[in-house]
Amino acid sequence: MKLTLFDLDHTVLNGDSDVLWCDFLIEKGLLGKTEFTARNADMAARYKAGTVGLKEFADFYVGTLAGRTVQEWEPLRQEFLAKWIVPRITPAAVALVDKHLEAGDLVVMTTATNRFITELTAIYFDIEHLIATEPEMRGDLFTGSTTGVLNMREGKVERLHAWLTARGLRFKDCKSTAYSDSINDLPLLEAVKHPVMVNADATLAAIGGERGWPALQLH
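Counting starts from 1 at the beginning of each chain's written sequence and moves along it residue by residue. Where local features are concerned, this predicted model is filtered to residues with pLDDT of at least 70; where side-chain atom pairs are given and counted, the filter is 80 or more; whole-chain, interface and lining totals use all residues. Think of the side-chain values as coming from all heavy atoms in the structure, minus any hydrogens and water.

A. Quick look at the pairing of strand S5 (residues 175-180). Most of S5 sits inside the fold, with 5 of its 6 residues counted as buried. Should DSSP find at least two bridges between two strands, the strands are regarded as paired. Segments assigned H or I by DSSP are reported as helices when at least four residues long, segments assigned E as strands when at least two residues long, and all are numbered from the N terminus. As judged from the 5 bridges shared by strand S1 (residues 2-6) and S5, these two strands associate in the parallel manner. Paired with Thr4 across the two strands is Thr177, which belongs to S5. Bridging between S5 and strand S6 (residues 194-198) involves 4 bridges; their strand directions are parallel. Bridge assignment links Ser180 to a residue of S6, and that residue is Met197. For each residue, the accessible area found with a 1.4 Å probe, counting protein chains only, is set against the maximum for its type, and the residue is called buried under 20%, exposed over 50%, and partly exposed in between.

B. Fine view of the pattern of salt bridges. Salt bridges are defined as contacts in which a side-chain nitrogen from Lys or Arg sits within 4 Å of a carboxyl oxygen from Asp or Glu. Throughout the structure, instances matching the rule amount to 13 salt bridges. Ionic pairing is found between Arg46 and Asp42, a salt bridge with its closest N-O pair at 3.0 Å. Taken together, the residues Arg46 and Asp42, both in helix H2 (residues 33-49) and 4 residues apart, mark about one turn of the helix. Classification of Arg46 by relative accessible area gives partly exposed; the value is 23%. Residue classification places Asp42 among the partly exposed positions, given a relative accessible area of 36%. Within the structure, one salt-bridge network assembled from shared partners comprises Asp7, Lys156 and Asp185.

C. Highlighting the environment of Leu3. Counting through the fold element by element, Leu3 comes out in strand S1. For the pair formed by Leu3 and Leu30, sequence separation is 27 residues and the distance between their alpha carbons is 39 Å. Once residues within four sequence positions are removed from consideration, Leu3 is found in contact with Leu106, Val108, Leu160, Leu164, Phe171, Cys174, Lys175, Ser176 and Thr177. Note on contacts: a residue pair is in contact if any heavy atoms of the two residues lie within 4.5 Å.

D. Fine view of the side chain of Asp7. Along the chain, the position of Asp7 falls in the loop between S1 and helix H1 (17-27). Counting of polar contacts relies on pairs of N or O atoms within 3.5 Å, with two restrictions inside protein: one atom must be capable of donating a hydrogen and the other of accepting it, and residues adjacent in sequence are counted only when both atoms are side-chain atoms. In terms of polar contacts, Asp7 uses its side chain to reach the side chain of Thr11, at 2.8 Å. At 3.0 Å, the side chain of Asp7 and the side chain of Lys156 are in polar contact.

E. Main features of the pairing of S6. In terms of burial, S6 is largely enclosed, as 4 of its 5 residues are buried. By convention a crossover is right-handed if, when the strands point away from the viewer, the path from the first strand over the helix to the second runs clockwise. Once the chain exits S5 it traverses helix H8 (residues 186-191) before rejoining the sheet at S6, and the crossover so formed is right-handed. For S6 and strand S7 (residues 215-216), the ladder comprises 2 bridges, and the chain directions are parallel. Along S7, the bridge assignment pairs Met197 with Ala215. Traced from S6 through helix H9 (residues 202-211) to S7, the parallel crossover comes out right-handed.

Treat this as a map of the structure, not an account of what it does.
In structure tokens:
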């Protein structure tokens, strides 16, 4: 079994879904510009540095959904995809994903960003399988918190193992490849047989360079 894992933000997307979502909501007047612009930038900077707390990071962004239902958010989610996400997906990124899909790989998008704002992006890439941070729901209402293991750092490996086990597969039996840009994904890249750096941040580039990992630029 060829298992191919794609990180989303700054890997196959030229940007960060969480940061863009906040900017989108600020533009729509749904978040306060004064409060959220600075907090959004701070969160993004500490994520890039690999120093942000997992729950702090996840709850900050999932918190933007709080108090509304799936149905209330859906038109905005569709607009976000069309106007903010798709224009930031390069032909090179689409071609890379397509290459693995056409080869018959089991292709999975795995992202620290929450499922609600990333599942349409996975569909756009024709990626059937998405592992993402899960927003907590009360019926159809977002509570603003997360639930379960956060799909970030070591959590990405834990969630992947659980996902495969649920499908009767074992990670050690897979010919695994992972693509990522971020030092936050070092645990995932170390776990797979074929790690590939994509648009790598400086810290990851230094580590991967020492280990001889291949590197790509998709945008």
